[in-house]
Amino acid sequence: MSQEALEFYVAEHARTIALDTDWLHGLRQSALSNFRRAGFPDTRQEDWRYTDVRPILKRRFVQAGDSGDLAADAGFEGMRFAGLDAHELAFINGHYDKGLSRLGPLPQGVILTSLAEALIKYPQQVKDCLANFPGLDANGFQALNTAFLTHGTLLYVPAGVTVATPVHLIFRSNRQPEPRMAFLRNLIVLGRGASLTVIEDYSGTADAEYMTNVTTCISGGEGASLRHYKLQGESQKSYHIAATHIRQARDCRVESCSIALGGALVRNDITASLDGEGAEVALDGLYMGNGRQHVDNHTWIHHRSPHTTSREEYKGVLNDHARAVFNGKVIVHEHAQKADARQANDNLLLSDNAEIDTKPELEIHADDVKCSHGATIGQLDENMLFYLRSRAVDADTARSLLIFAFADAVVSRIGLRPIRERLEAMILGKLPDSGLIKEFVQ
Amino acid sequence: MLSIKNLHANVADKKILKGLNLEVKTGEVHAIMGPNGSGKSTLANILAGRSGYEVTAGTITYEGKNLLDMDPEIRAREGVFLAFQYPVEIPGVNNVYLLKAALNAIRKHRGEQELDAMEFLKLVKDKMKLVKVREDLMSRAVNEGFSGGEKKRNEIFQMAILEPKLAILDETDSGLDIDALRIVSEGVNSLRGPQRAIVMVTHYQRLLNYIVPDHVHVLADGRIIKSGGKDLALKLEAEGYDRVREEAAVA
Ligand SMILES: Nc1ncnc2c1ncn2[C@@H]1O[C@H](COP(=O)(O)OP(=O)(O)OP(=O)(O)O)[C@@H](O)[C@H]1O
Ligand SMILES: [Mg+2]
């Protein structure tokens, strides 16, 4: 099956990817050879042990192309955040839609454009950014992402510039007779002291079958600061394979929050590399599964310099036959003295058939560091449960409230209210007995 | 109203209560004092229905019904209220909404009409003045980020809204400064009345200066070893528990 799938993607590449400028052609071709060599990951590989990608290989997704499949569905408008002033870039089935996008005035020197346009207008910025992330194509999905590199975003903030208005990247997919696949590459570059908030937002028409394969590369200069939200509310029948690569120079601060609520099969990889002294990263995550959803989060945090700090807190709520994987690895490299790393993964299993495989890992090569990690697969807090019941709330409602509260702990930290409110409504939608508690949630 | 007879209870196979008797009539205020670890909170928790306690002998009758048969939420709806020694923080659950749900569950149970949003808000405003809770605390999650004193005050605020028939206050005075103690006491006193009973667990006479009890009991080693009027508390403060223990042993 894997071989047939491989040939299919090579043919799809030949069919849809035109010959282009030398450097881009070279980049794609070398990625394609990497793909042929690596093939698709299988469960014999440690990093994919619990995630079987065969459902993806069985399907024949095709890239959207002609205008007929690039029209927005009725649900698109609802993806804009009412009450949030944002620069919006809209993508339908993986293609940039200028008409649906709304860009406000940007500070001098800021580039915010689709990758397709950037490849023509700003090739040097694209090249420079890509050069900062060598060796991405280790697994088949990543290699494919580079081989198909065309669509996505270039977001470049020069030194000293603050983009006060958040950037909202809206990726919307819909139902087509032949399921679509979108290859997306987002390049986010912050110069020295620059600052930015960016929201990656993935969704699809209910029950639409499609695949999103996205790679986001974030490069933060000295003292830069980024708030990054990845909201994944894809259709329940979709496939979502994502990788985020973060590199941080001295004193650069990145907060990244990854919310995974949708998708039949989801894989999120995040690699954060604290390259410069004093760099700081906070990775928050929430995944919720029901039905037969499968959500796999893998994170790697590299402390490569002294006085670097990382905080990671992932929470999971799993119901029905849902299954999740959390694998968080913190690597403190040899010279990263005084590194400070804290990691936690907490899970609630709401059904006997739900499953979580969690593995926090520490690998320390320096001697003066402060690291802690832990994972729990918990039941609800008995003290809280009793407190609510002692206030006349029945046991079912109390339980629902506490599950909500558990998940909301991640969401409530999000500083932007419209995002918080939408996510809270989505969380409610995924909970059993949510009707009981609607009016409680703030 | 409340009749506890020969109550024996274990926690994690450890005997905590060993034959406790207590009679509380409507309109009365009882103070329970006793050394650390003697079983005061255990008693309060058993009354409110917390799980993890095994009642091995004895009975608890509340308004003629077997209290031990009721789920905690039913007890609350029947008018039992526990102000916790250590109120928990419940992130994500809004204070005011919890109160509204609690009040309406209780009213519904009594066959009364539920309050609408306007009526409820007015009630909240009135009671907030009574217990002087800060308005911004109300929009937060239950007890989240409250100071120790604010948590205790929030318990009394909840009690003022829910107007229980039997209020059990477990060390509500601990951690309160002088002003807060006075305010909380006024709140409790305003609830005193012929239909209600209050059982307060405390270590300090100073609370009893503000809320003058009808009866004072000494709980030691899992039993009420001595009962008396409000003067007993003064004696305890002056002489300590050991003296009372010795007297009880002799008697
Ligand atoms: N969950 C538990 N597991 C084991 N032992 C417990 C548990 N809860 C209470 N105990 C024990 O039961 C005894 C009585 O505890 P309780 O909290 O009732 O005391 P208290 O009289 O309220 O004390 P304080 O004045 O310190 O509040 C103590 O020895 C305590 O350690
Ligand atoms: Mg106690």
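Basis of the calculations
Residues numbered from 1 in each chain as written. Chains lettered and ligands numbered in written order. Predicted model: local features only at pLDDT ≥ 70, side-chain atom pairs only at ≥ 80, totals over all residues. Heavy atoms only, no water. Helix = DSSP H or I, 4+ residues; strand = E, 2+ residues; numbered from the N terminus. Expected span 1.5 Å × (residues − 1). Buried < 20%, exposed > 50% of the residue type's maximum accessible area, 1.4 Å probe, protein only. Contact = heavy atoms within 4.5 Å. Pairing = 2+ DSSP bridges. Near = heavy atom within 4 Å. Polar contact = N/O pair within 3.5 Å; in protein donor to acceptor, adjacent residues only side chain to side chain. Areas by Shrake-Rupley, 256 points an atom, 1.4 Å probe, with all protein chains shown as cover. Nonpolar A, V, L, I, M, F, W, Y, C, P; charged D, E, K, R; others polar. Donors = N, O, S within 2.8 Å, 3.2 Å for Na, K, Ca; no water. Domains from an automatic or database assignment. Buried area = accessible area lost by both parts, 1.4 Å probe. Salt bridge = Lys/Arg side-chain N within 4 Å of Asp/Glu carboxyl O. Phe/Tyr/Trp six-rings, centres within 6.5 Å; stacked < 30°, edge-to-face > 60°. Lys NZ or Arg CZ within 6 Å of the ring centre and 35° of its normal. Disulfide = S-S within 2.5 Å.

**Regarding helix H9 (residues 417-430) of chain A**
Residue and element names in this part refer to chain A.
Here comes step 1: With 14 residues, H9 extends 20 Å from end C-alpha to end C-alpha; this agrees with the ideal 20 Å at 1.5 Å per step.
Here comes step 2: For H9, the complete set of buried residues consists of Pro418, Ile419, Arg422, Leu423, Glu424, Ile427, Leu428 and Lys430.
Here comes step 3: Those residues of H9 that are buried lie in contact with strand S8 (195-204), strand S10 (225-233), strand S12 (253-260), strand S14 (280-289), helix H8 (395-411) and helix H10 (434-437).

**Description of the pairing of S10 of chain A**
A regular strand carries its side chains on alternate faces of the sheet.
Residue and element names in this part refer to chain A.
Here comes step 1: Summarising the sheet, S8 and S10 pair through nine bridges and their orientation is parallel. By the bridge assignment, valine 198 is partnered in S10 with histidine 228.
Here comes step 2: The pairing of S10 with S12 spans eight bridges and is classified as parallel. Within S12, the position partnered with leucine 231 by the bridge is isoleucine 259.

**Structural notes on the sheet that holds strand S5 (residues 65-66) of chain B**
All names here are of chain B.
Here comes step 1: Taken in spatial order, the four strands of this open sheet run S2-S1-S4-S5, and their pairing is antiparallel. Only two strands of the sheet have a single neighbouring strand rather than two, namely strand S2 (14-24) and S5.
Here comes step 2: In this sheet, strand S4 (residues 53-62) lies alongside strand S1 (residues 2-11) in antiparallel orientation, the contact comprising eight bridges. Along S4, the bridge assignment pairs alanine 9 with valine 55.

**Overview of unusual backbone geometry**
All names here are of chain B.
Here comes step 1: A positive phi angle, close to 50 degrees, is found at asparagine 6, a residue other than glycine.
Here comes step 2: Here the phi dihedral of aspartate 13 falls at roughly 65 degrees; this positive angle occurs in a residue that is not glycine.
Here comes step 3: Along the polypeptide, aspartate 13 turns up in the loop between S1 and S2.
Here comes step 4: Given the relative accessible area of 71%, aspartate 13 is considered exposed.

**Some remarks on the site of ligand 1**
Residues and elements named next belong to chain B.
Here comes step 1: Close to ligand 1 lie 14 residues; Gly37, Lys40, Ser41, Thr42 and His203 are nearest.
Here comes step 2: The separation between an oxygen atom of ligand 1 and a polar main-chain atom of glycine 39 is 3.0 Å.
Here comes step 3: Glutamate 171 places a polar side-chain atom, nitrogen or oxygen, 3.2 Å from an oxygen atom of ligand 1.
Here comes step 4: Across the complex, the protein chains shield 63% of the 640 Å² of accessible surface that ligand 1 would expose by itself.
Here comes step 5: Going through the elements one at a time, S2 and helix H1 (40-48) are the ones with two or more residues in the shell around ligand 1.
Here comes step 6: It is H1 that contributes the most residues to the shell around ligand 1, three residues altogether.
Here comes step 7: The class makeup of the residues in the shell around ligand 1 is three nonpolar, eight polar and three charged.

**Details of the coordination of the magnesium ion (ligand 2)**
Here comes step 1: The coordination sphere of the magnesium ion (ligand 2) contains the protein donors Ser41 of chain B (OG) and Gln85 of chain B (OE1), at a distance range of 1.9 to 2.2 Å. Within this pair, whereas serine 41 of chain B is found in helix H1, its partner glutamine 85 of chain B is found in the loop between strand S6 (80-83) and strand S7 (90-94), the two being separated by 44 residues in sequence.

**Here's the deal with the environment of leucine 2 of chain B**
All names here are of chain B.
Here comes step 1: Mapped onto the fold, leucine 2 is located in strand S1.
Here comes step 2: What makes leucine 2 buried here is its relative accessible area of 1%.
Here comes step 3: For the pair leucine 2 and alanine 197, spaced 195 residues apart in sequence, the C-alpha to C-alpha distance is 8.9 Å.
Here comes step 4: Those residues in contact with leucine 2 that sit more than four places away from it in its chain are Leu22, Glu23, Val24, Leu47, Ile60, Thr61, Tyr62 and Leu166.

**Here we look at the domain arrangement of chain A**
Residue and element names in this part refer to chain A.
Here comes step 1: Once the domains are mapped, chain A shows domain 1 (2-379) and domain 2 (380-442).
Here comes step 2: Relative to domain 2, the C-alpha centre of domain 1 lies at a distance of 28 Å.
Here comes step 3: Counting from both sides, the interface comprises 37 residues of domain 1 and, opposite them, 21 residues of domain 2.
Here comes step 4: Summed over both sides, the interface between domain 1 and domain 2 buries roughly 2,200 Å², with carbon and sulfur atoms accounting for 73% of that surface.
Here comes step 5: Counting across the interface, domain 1 meets domain 2 through three salt bridges.
Here comes step 6: For glutamate 313, the salt bridge identified is with arginine 413, shortest N-O distance 3.2 Å.
Here comes step 7: Seen at the junction of domain 1 and domain 2, the total is 10 residue pairs in polar contact (both at pLDDT 80 or more).
Here comes step 8: Top contributing element to the side of domain 1 that touches domain 2 by residue count: S14, with five residues.
Here comes step 9: For the side of domain 1 that touches domain 2, the residue count by class is 16 nonpolar, 14 polar and seven charged.

**So, the packing of aromatic side chains**
Residues and elements named next belong to chain A.
Here comes step 1: Taken as a whole, this structure holds 14 aromatic pairs over all chains when the rule is applied.
Here comes step 2: Centre to centre, the rings of phenylalanine 148 and phenylalanine 183 are 4.2 Å apart; their planes meet at 10 degrees, and the pair counts as stacked. Remark: phenylalanine 183 occurs in strand S7 (residues 180-190) and phenylalanine 148 occurs in the loop between helix H6 (140-147) and strand S5 (151-157); sequence separation between them is 35 residues.
Here comes step 3: When its relative accessible area of 1% is taken as the criterion, phenylalanine 148 is described as buried.
Here comes step 4: Lying across the ring of tryptophan 48, arginine 267 places its NZ or CZ 3.8 Å from the centre.
Here comes step 5: Across the ring face of phenylalanine 81, the terminal group of arginine 422 is positioned such that the distance to the ring centre comes to 3.8 Å.

**Details of the state of the cysteines**
Here comes step 1: The tally for this structure, following the rule as stated, stands at zero disulfides over all chains.
Here comes step 2: Looking at cysteine 217 of chain A, it has no disulfide partner, and the nearest cysteine sulfur is the one in cysteine 129 of chain A, 5.7 Å off.

**Observations regarding the pattern of salt bridges**
Residues and elements named next belong to chain A.
Here comes step 1: As enumerated under the stated definition, the model contains 53 salt bridges over all chains in all.
Here comes step 2: The salt bridge involving aspartate 42 is made with arginine 44; its shortest N-O contact spans 3.0 Å.
Here comes step 3: We note a salt bridge from aspartate 368 to lysine 338, for which the minimum N-O separation is 2.8 Å. Here aspartate 368 is found in the loop between strand S19 (355-364) and strand S20 (370-378), whereas its partner lysine 338 is found in the loop between strand S17 (323-332) and strand S18 (340-349), with 30 residues between them in sequence.
Here comes step 4: Assessed through its relative accessible area of 33%, aspartate 368 is described here as partly exposed.
Here comes step 5: The class of lysine 338 is partly exposed, set by a relative accessible area of 45%.

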